[in-house]
Amino acid sequence: MRQGKLLYAQSGGVTAVINATAAAVIETARAAGVPVLAGRNGIIGVLREELIDTRKESAAAIAALRHTPGGAFGSCRFKLKSLEQSRAQYERLIEVLRAHDIRYFLYNGGNDSADTSHKVSQIAQALGYPLTCIGVPKTVDNDLAVTDCCPGFGSVAKYTALSILEAGYDVESMAESSTKVFIMEVMGRHAGWIAAAAGLAGKSADEPPHLILFPEVTFNEEAFLAKVKATVEKVGYCTVIASEGLKNAAGEFLAEAGTRDAFGHSQLGGLAPVLAQLVKSKLGYKYHWALPDYLQRSARHIASQTDFEHATAVGKAAVEMALAGKNATMPVIKRTSDAPYRWKIEAAPLAKVANHEKKLPKNYIRKDGYGITEAARKYLEPLIRGEAYPPYAKDGLPKYARLKKVLVAKKLPEYVIADK
């Protein structure tokens, strides 16, 4: 048996396949004889010394995580600030890790989580504690640097393209006497990857989605309304995909709610109803709008097989890298071929991932700013291939896992997080 335990924690918004990564982490560590603890509700649980003992879970329960949505151990939106600003919290983390002989720390999340993993590796080194830190990629936004794509994105991309395809059939059926314009708002604060994925639904300009509004393209009200009007007059109806991070010429979010989340990001309100009201007041068309919100990232029932394989591979590789002593590292996906689609896992320094945001390339956006190019289609299409269906019960619903989540005994005094 190797020295020490492995700690795994989930962070930020979950994905349809983050638990596939968790299953791969636990199964790979078990095969290597390494005990795995999991932070309850991410880094918050680690600070509070609320550590779930995965040894209490059966092999069948862990295997069932592969097809279970949500975050099996609980996630959180809690950002540790700089080492100088939050040194006491970083020292508390090391104190907890030391108390439970944890020598490997795997943090499964997006950009902020990669930053946290990197800082934890630095404070451990400064305090002389032998710890190997691995950032495990996950985000539906697909905005992590270095990696070709992010586990979680392929499934939300598939859900988005499928949703606008099906909604398009619905609107087309009723357009003569009812809804003329349908607007679906998708996630994407600064990067329009999810919005772009919707473009896979249509092969021509007359097919849904007719307009895509990217956060990378400044919103022009007059041009937008003209496009909607022209589409309705030509096709009979118009479907619109709007990324939540859409901005005006002044650089302001159209859906700014005026509040901020735990990471310091602006809280965005509903963009779709803002656009819908604009269409109604200026063009007089009857409209409907939809906000998939959590549905788009939790839709395990239609997860992409490619995405599932990516999520599993990074979990397995994360443990292997940790046990090999590759500190401050992240397993990333490298595409080696488009046709046929091929990829492999490589190791990337966390310093090159943390605090770097990958935007949608300009050559992925059509010249008129309202659709995707063939280059985008070539990149996106392989990521939504295949269906990783969950098993279904006789009642017609999927059989998802529920864990026991037994906590290990605490060894330290109670800890209160002052600024959660």
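Residues numbered from 1 in each chain as written. Predicted model: local features only at pLDDT ≥ 70, side-chain atom pairs only at ≥ 80, totals over all residues. Heavy atoms only, no water.

By the naming in an unreviewed UniProt entry, the protein goes by Pyrophosphate--fructose 6-phosphate 1-phosphotransferase and is assigned to Tahibacter harae. Checking UniProt for the protein, the heading Sequence similarities (unreviewed entry) contains the comment "Belongs to the phosphofructokinase type A (PFKA) family. PPi-dependent PFK group II subfamily. Clade 'B2' sub-subfamily." Taken from UniProt, the Subunit (unreviewed entry) comment for the protein reads in full: "Homodimer." (UniProt positions renumbered as here; feature names shortened; annotations may be inferred.)

(A) Local environment of the sheet that holds strand β11 (residues 287–290). On the basis of which strands lie adjacent, the open sheet formed by 4 strands has the order β7-β8-β6-β11 and parallel pairing. Of all the strands in the sheet, the pair left with one neighbour each is β7 (211–213) and β11. Geometrically, the sheet is characterised by an average inter-axis angle of 15° between neighbouring strands, direction not taken into account. As paired elements, strand β6 (residues 181–186) and strand β8 (residues 238–243) share 6 bridges and run parallel to each other. The residue bridging E185 from the neighbouring strand is A242, located in β8. Contacts from helix α8 (residues 221–235) reach β6, β7 and β8, with the element oriented near 160° to β7. (Pairing = 2+ DSSP bridges. Helix = DSSP H or I, 4+ residues; strand = E, 2+ residues; numbered from the N terminus. Axes fitted to C-alpha atoms, helices over the stretch in contact; angles between N-to-C directions. Contact = heavy atoms within 4.5 Å.)

(B) How the structure looks around helix α1 (residues 18–31). If you check α1, its first and last C-alpha atoms are 20 Å apart, about what 14 residues at 1.5 Å a residue would give, namely 20 Å. With 11 of its 14 residues buried, α1 lies for the most part within the structure. Considered for burial, the residues of α1 that qualify are I18, N19, A20, T21, A22, A23, A24, V25, I26, T28 and A29. Against β1 (5–10), β2 (36–39), α3 (59–64), β4 (102–109), β5 (132–137) and α11 (305–323) lie the buried residues of α1. At the exit of α1 stands G33, carrying a positive phi of roughly 80°. (Expected span 1.5 Å × (residues − 1). Buried < 20%, exposed > 50% of the residue type's maximum accessible area, 1.4 Å probe, protein only.)

(C) Up close: the nonpolar core. Counting residues in each nonpolar core, the largest one holds 70 residues, and the members touching the most others are L6, Y8, F73, L106 and F153. Excluding residues within four positions of it along the chain, L106 makes contact with L6, L7, Y8, A9, V25, I134, V136, A318, V319 and A322. The next biggest cluster of nonpolar side chains, apart from the first, holds 29 residues, and it includes I43, V46, L83 and Y129. (Core = buried A, V, L, I, M, F, W, Y, C linked by side-chain atoms within 4.5 Å.)

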